[in-house]
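Commentary on secondary and tertiary structure
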Amino acid sequence: MKIRKLIVSQRSTLTHRKPLSNFQLESKQCLSSYTEEPELEGFSQFIDSLKNYEKSGVPKDAGTDSDDGFDLGRMKRLMTRLGNPLSNFKSVHIAGTKGKGSTAAYLSNILRSEGYSVGCYTSPHMLSIRERMSVGKMGKPVSSNALNYLFHSIKRSLNEAIVLENGCLSHFEVLTAVAFALFAQENVDIAIIEAGLGGARDATNVISSSELDASIITAIGEEHLAALGGSLESIAMAKAGIIKHGRPVILGGPFLPHIDRILRDRASSMFSPIVSASDAGARTSIKGIGTFKGRPSQCCDLVIELDHGSQSSIELRDLNLSMLGTHQLQNAVTATCAALCLRNQGWRISNGSIRAGLENTFLPGRSQFLTSKEAEKLGLSGSTVLVDGAHTKDSAKALLETIQTTFPDSRLAIVVAMASDKDHLAFAKEFLSGKQLEAVFLTEADIAGGTSRTTSATALRDCWIQASRELGIEVLHDRMTRYRELFEDNFISSTRDSKHETIVAAQNSLSDSLRFANQILRERTRNELGILVVTGSLHIVSLVLASLNR
């Protein structure tokens, strides 16, 4: 691949402007949530009924670490009722605050490139619940017909289990059980299992040491603090709960020293060999940004030497990764270390398959640049649109670093929607401290199918105003008289008069937010490169991507 700077053309600025009364924008398209396939209506209703159990008194998210009353015995009894599907295949179990999905995708594709039939269970999904369960040698989500057939074949057992457990089975526990039953039915060689919120007290941790070939802990950060004990140390202990007796654990990292010690102490107590993906045995570099198979990509060198044996070493030069950023390169290293670990256990995995698996991995909503046709379909013609599910301080920092690496001279307008349990202030500070922000539109998107976990646009707006004050950065926001006066007569042309101030505004409508942000960005940047970023949650990203499929 010839390395070159990606050049994205910007069309001329808007030629048609008109006053916007009451700051309303005419939307060509309404963005709405994806509707599950008709074939899965019964399955979807069944899963939703379990969510209703949780709302009516059963602890929220039973089956993950957020449930203080979680009982692993409940999952074991459910597995027994379904015929112990986990005994039919080997598993790799992945936990961590971030990087789980990407690492799972990388490792799954490495194994598929070698010809193995792989089951992969991840969460959340973007468009369809089927995305949580991929099977076979191609890595495609389970078909709606196959999932529907499986559900009806085990529905009676599921109903019996719900009755026996006094209605305490959660939707996550049942989804996990369905995935394991699917993998057994499809005779997969190996399953890559992503944990839910935590690890130790998570429904996926029903996997026993005899069924496990390796555990992976990708990274430890301050997310889900309340659900996981309130500290970074308690989060680390929760994640370390997936380490099983005598089975190797791959530590992604890098970790803070005291967090690294917690993980290593747990591994030592379980007599589990440790493979580190962030020590001196792994050397990486990003050589440049270009295109590969029609997508933006980063060309990297990756050299790993776990010991002096050829089975535990690999050297990949000019590796093209479609998922951008140093954090994605680290995820690729972690997955590669896991592949080498499996190779040492007798799995047939060539260096060529590792390269092919890494280069063929792409996940929607992770530093995903939309094509010009996709942007046009959203009514955002002429824009460079980037969608990314970043929702923490660390992931916001990683996203900004990715943009800086890919388009160092770009300016940004961002559209943000977030769940209520995130650190909105820290997230805002990362963006305000980073690249030149032309506009920030805070909006709303249903989280996990409802509004109960959604942060209001106005609450987000107030957090960004607070963040700007704490950082000493002047912004022009929609609670200011000057903002209303400036935008009342002619929204678009007036933005030039406030060129050096970041505009911060709340808009309940996602489609309106996108169009406002796009128009301001194009008016301000003129012939310079501007990027419209949609971020804050995978749920807002899923709304945008779902609209492209309509």
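Reading the values: the criteria
Residues numbered from 1 in each chain as written. Predicted model: local features only at pLDDT ≥ 70, side-chain atom pairs only at ≥ 80, totals over all residues. Heavy atoms only, no water. UniProt positions renumbered as here; feature names shortened; annotations may be inferred. Helix = DSSP H or I, 4+ residues; strand = E, 2+ residues; numbered from the N terminus. Contact = heavy atoms within 4.5 Å. Areas by Shrake-Rupley, 256 points an atom, 1.4 Å probe, with all protein chains shown as cover. Buried < 20%, exposed > 50% of the residue type's maximum accessible area, 1.4 Å probe, protein only. Pairing = 2+ DSSP bridges. Expected span 1.5 Å × (residues − 1). Arc of directions from axis to C-beta. Phe/Tyr/Trp six-rings, centres within 6.5 Å; stacked < 30°, edge-to-face > 60°. Axes fitted to C-alpha atoms, helices over the stretch in contact; angles between N-to-C directions. Salt bridge = Lys/Arg side-chain N within 4 Å of Asp/Glu carboxyl O. Polar contact = N/O pair within 3.5 Å; in protein donor to acceptor, adjacent residues only side chain to side chain. Disulfide = S-S within 2.5 Å. pLDDT = per-residue confidence, 0-100. Parallel < 35°, antiparallel > 145°, perpendicular 65-115°, else oblique. Left-handed = near helix turned anticlockwise from the far one by under 90°.

Looking at an unreviewed UniProt entry, the protein carries the name Mur ligase central domain-containing protein, with the source organism given as Gossypium tomentosum. Recorded in UniProt under Sequence similarities (unreviewed entry), the annotation for the protein is "Belongs to the folylpolyglutamate synthase family."

The next point concerns the overall build of the protein. Along its length, the protein carries 17 helices and 18 strands. Counting only contacts in the protein whose residues sit at least 6 apart along the sequence, the fraction spanning at least 24 positions is 76%. Accessible area for the protein stands at about 22000 Å²; split by element, carbon and sulfur atoms hold 48% of it.

Summarising burial for strand β6 (residues 212-217): six of the six residues are buried, a large majority. Here strand β1 (residues 90-95) pairs with β6 via five bridges, running parallel. By the bridge assignment for β6, A95 is matched with I217. Bridge count between β6 and strand β7 (residues 249-251): three bridges; the pairing is parallel. Counted as the bridge partner of I216 is I250 from β7.

Here the focus is helix α7 (residues 257-269). Under the 1.5 Å per step criterion, the end-to-end length of α7 is 18 Å for 13 residues, consistent within 8% with the ideal 18 Å. The complete set of buried residues in α7 reads I259, D260, L263 and A267. Angular distribution of buried residues about the axis of α7 spans 105°; they occupy a single face of the element. Facing away from the buried side of α7 by over 90 degrees, the exposed positions are P257 and S268. Buried residues along α7 sit in contact with β6, α6 (232-239), β7 and β8 (274-276).

This brings us to the environment of R479. Looking at the secondary structure, you find R479 in the loop between β16 (475-477) and α14 (481-489). With 18 residues separating them along the chain, R479 and R461 place their C-alpha atoms 9.5 Å apart. Excluding anything up to four places from it in sequence, R479 contacts R461, D462, I465 and R484.

What follows concerns the packing of aromatic side chains. Evaluated as defined, the whole model comprises ten aromatic pairs. With a centroid separation of 5.3 Å and an interplanar angle of 80°, the aromatic rings of F369 and F407 are classed as edge-to-face. Taken together, the residues span a long stretch of sequence, with F369 in strand β12 (residues 368-369) and F407 in the loop between α11 (393-406) and β14 (411-416) at a distance of 38 residues. For the pair F369 and F407, a shared accessibility class is recorded, and that class is buried.

All right, on to the sheet that holds β16 then. As summarised here, the arrangement of the seven strands in space is β12-β13-β18-β14-β15-β17-β16, forming an open sheet in which the pairing is mixed. Pairing within the sheet leaves two strands with one partner each, and these edge strands are β12 and β16. Bridging between β14 and strand β18 (residues 530-535) involves six bridges; their strand directions are parallel. In the strand pairing of β18, R411 is matched with G530. Contacts from helix α17 (residues 538-548) reach β12, β13 (384-387), β14 and β18 within the one sheet, and its direction differs from that of β18 by about 115°.

The tally for this structure, following the rule as stated, stands at 25 salt bridges. D462 is paired through a salt bridge with R461; the nearest N and O atoms lie 2.8 Å apart. By relative accessible area, which is 33% here, D462 ends up partly exposed. What makes R461 buried here is its relative accessible area of 9%. For the salt bridge of D462 with R479, the shortest nitrogen-to-oxygen distance reads 3.0 Å. Linking D462 in helix α13 (residues 457-471) with R479 in the loop between β16 and α14, this pair joins segments that are 17 residues apart in sequence.

Turning our eyes to something else, we now look at the side chain of S537. Note on placement: S537 falls in the loop between β18 and α17. Within the local environment of S537, its side chain forms a polar contact with the backbone nitrogen of H539, the two atoms lying 2.9 Å apart.

If you walk through the whole model with that rule in mind, you get zero disulfides. Here C299 is not cross-linked by a disulfide; its sulfur's nearest cysteine counterpart is in C300, at 6.5 Å.

Here we come to unusual backbone geometry. The linkage connecting S123 with the following residue, P124, adopts the cis geometry, with an omega of -5°. Within the secondary structure, P124 sits in the loop between β2 (118-121) and β3 (133-135). Residue P254 is reached from G253 by a cis peptide bond, and omega for that bond is 0°. Note on placement: P254 falls in the loop between β7 and α7.

Another point: the sheet that holds strand β11 (residues 313-321). Read across the sheet, three strands follow the order β9-β10-β11 without closing on themselves; strand pairing throughout is antiparallel. The open sheet terminates on both sides in strands that have one partner only, identified here as β9 (282-292) and β11. Going across the sheet, the axis of each strand differs from the next one's by a mean of 15°, ignoring polarity. Relative to β11, strand β10 (residues 295-305) runs antiparallel, the two being bridged by seven bridges. Residue pairing in the sheet places C300 in a bridge with L319 of β11.

Moving on to the confidence of the model for the protein. Considering every residue of the protein, the mean pLDDT works out to 86; 85% of them sit at 70 or more. Under a pLDDT of 50 for its full length, residues 55-62 has, in the predicted model, 19 contacts with residues more than four places off or in other chains.

The interhelical angle for the contact between helix α4 (residues 144-164) and helix α5 (residues 171-185), taken along N-to-C directions, is 120°, at an axis separation of 10 Å. As the angle between them shows, α4 and α5 are arranged oblique. Handedness of the α4/α5 crossing: right-handed. Of the residues in α5, those in contact with L147, L150, I154 and L158 of α4 are V174, V178, A181, L182 and Q185.

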